[in-house]
There are 2 protein chains.
Amino acid sequence: MLRTTPEDFMRQALIEAEKAYDKDEVPIGAVVVHNNRIIARAHNLTERLNDTTAHAEMQVITATSNLIGGKYLKNCTIYVTLEPCVMCAGGLAWAQLEQLVFGAYDNVRGYSNYSPPLLHKRTKVTGGILEDECSLLIREFFKKKR
Amino acid sequence: MLRTTPEDFMRQALIEAEKAYDKDEVPIGAVVVHNNRIIARAHNLTERLNDTTAHAEMQVITATSNLIGGKYLKNCTIYVTLEPCVMCAGGLAWAQLEQLVFGAYDNVRGYSNYSPPLLHKRTKVTGGILEDECSLLIREFFKKKR
């Protein structure tokens, strides 16, 4: 079996983001990986659900907790197409996420613009995986909206 | 009719917090007020729901959006017994909450320990309403737990 790379998982998060795009939602997607397998996936649904808290990350936190029957995501990696916002970073901190991998950086609303650090101190972070594809999809969405 | 005071609404948030206490949840409660009426109420359910995102504030954001059929809480005041955390402050920011009133200050995990400011710039904030009652309930909970 070929080794699954971070890019492979981010491509799956991008597929989720494209589902959001097709529903006229800001195109952000996320998957949760445990033991090299995707166990949860979601995309932004703030318009459809009429709920500002329905970000992809918040939905996968809840879905994963339901699935594993525990509220901590200690052995999980979340792949998300955009750097999480303050709300999502706070949620990931409470969940004690093991690893966060994101695509595009968000220099305005991204959690890393705040201090002290918002994530749990043990959460490992990698940014910029498939950055161009992830940010292009978001730029295209907002271009279409103007 | 007698004028309803912030203390009256905070007392209702405290009643929610007591419901959490009785379920062995960290005792935090919240109510949403619109036109001087309570339109949503919730208490922390992170244990019962096995979900770190099930804070009182997150639940009342979702409940209020469902009720008013819109995702912005522009004409609403949230009364919550403890200063919101980063996650909840981020959620309240996206919801463009008009006014936040909280009871006890949280010098460790409270949103106001972070910068730049986490809330929406137009959200008015008052802290310390029924502070003693709100913090006593939380202290009693953790004393019982030790």
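Predicted model only: the values in this text are computed from it and were never measured.

Enquirer: Break down the relation of the copies chain B and chain A for me, citing the residues and quoting the values.
Expert: Of the transformation superimposing chain B on chain A, the axial component is 0.0 Å and the angular component is 180°, with the fit at an RMSD of 0.0 Å. Considering both components of the superposition, the chain copies are consistent with a two-fold axis. Nearest to the rotation axis, the C-alpha of Met87 of chain B is located 2.0 Å from it, this being the minimum over chain B. By residue overlap, the copies meet face to face through one surface: 100% of the interface positions of chain B are interface positions in chain A.

Enquirer: I'd like a description of the UniProt feature "domain: CMP/dCMP-type deaminase" (unreviewed entry) in chain A, backed by residues and values.
Expert: UniProt records the feature "domain: CMP/dCMP-type deaminase" (unreviewed entry) at residues 4–125 of chain A, using the numbering of this structure. As annotated, residues 4–125 of chain A has a helix share of 32% and a strand share of 23%, and its two end C-alpha atoms lie 18 Å apart.

Enquirer: I'd like a rundown of the pattern of salt bridges, residues and numbers included.
Expert: Enumeration according to the criterion identifies 12 salt bridges over all chains in this entry. Measuring nitrogen to oxygen at the nearest pair gives 2.8 Å for the salt bridge that ties Arg41 of chain A to Glu16 of chain A. A residue pair is termed long-range when its members are at least 10 positions apart, and Arg41 of chain A in strand β2 (residues 37–43) and Glu16 of chain A in helix α1 (residues 6–22) qualify at 25 residues. For Arg41 of chain A, a relative accessible area of 34% translates into the label partly exposed. The partner of Lys71 of chain B in a salt bridge is Glu47 of chain A, with the nearest N and O atoms 3.0 Å apart. Of the two residues, Lys71 of chain B sits in the loop between α2 (56–68) and β3 (76–82) while Glu47 of chain A sits in the loop between β2 and α2 (56–68), which places them in two different chains. Three or more residues joined by partner-sharing salt bridges are found here, namely Glu16, Lys19 and Arg41 of chain A.

Enquirer: Give me the state of the cysteines: which residues, what numbers.
Expert: Covalent bonding between the sulfur atoms of two cysteines defines a disulfide. Residues and elements named next belong to chain A. In the structure shown here, the tally under the stated rule is zero disulfides over all chains. Cys88 supplies the cysteine sulfur nearest to Cys76, a cysteine that is in no disulfide, at a spacing of 16 Å. Residue classification places Cys76 among the buried positions, given a relative accessible area of 2%. Cys88 forms no disulfide, and the closest cysteine sulfur to it belongs to Cys85, at a distance of 3.9 Å.

Enquirer: I'd love a proper account of the pairing of strand β1 (residues 29–34) of chain B, names of residues and values included.
Expert: All names here are of chain B. Taking burial as the measure, the six residues of β1 include five buried ones, the bulk of the element. As judged from the six bridges shared by β1 and strand β2 (residues 37–43), these two strands associate in the antiparallel manner. Bridging across to β2, Gly29 finds its partner in His43. Counting the residues between successive antiparallel strands, the hairpin from β1 to β2 contains two residues, one of them, Asn35, with a positive phi of roughly 50°. Sheet topology note: the β1/β3 ladder contains five bridges and is antiparallel. When the bridges of β3 are listed, His34 appears paired with Cys76.

Conventions we followed
Residues numbered from 1 in each chain as written. Chains lettered and ligands numbered in written order. Predicted model: local features only at pLDDT ≥ 70, side-chain atom pairs only at ≥ 80, totals over all residues. Heavy atoms only, no water. Least-squares fit on C-alpha atoms with pLDDT ≥ 70 in both. Contact = heavy atoms within 4.5 Å. UniProt positions renumbered as here; feature names shortened; annotations may be inferred. Helix = DSSP H or I, 4+ residues; strand = E, 2+ residues; numbered from the N terminus. Salt bridge = Lys/Arg side-chain N within 4 Å of Asp/Glu carboxyl O. Buried < 20%, exposed > 50% of the residue type's maximum accessible area, 1.4 Å probe, protein only. Disulfide = S-S within 2.5 Å. Pairing = 2+ DSSP bridges.

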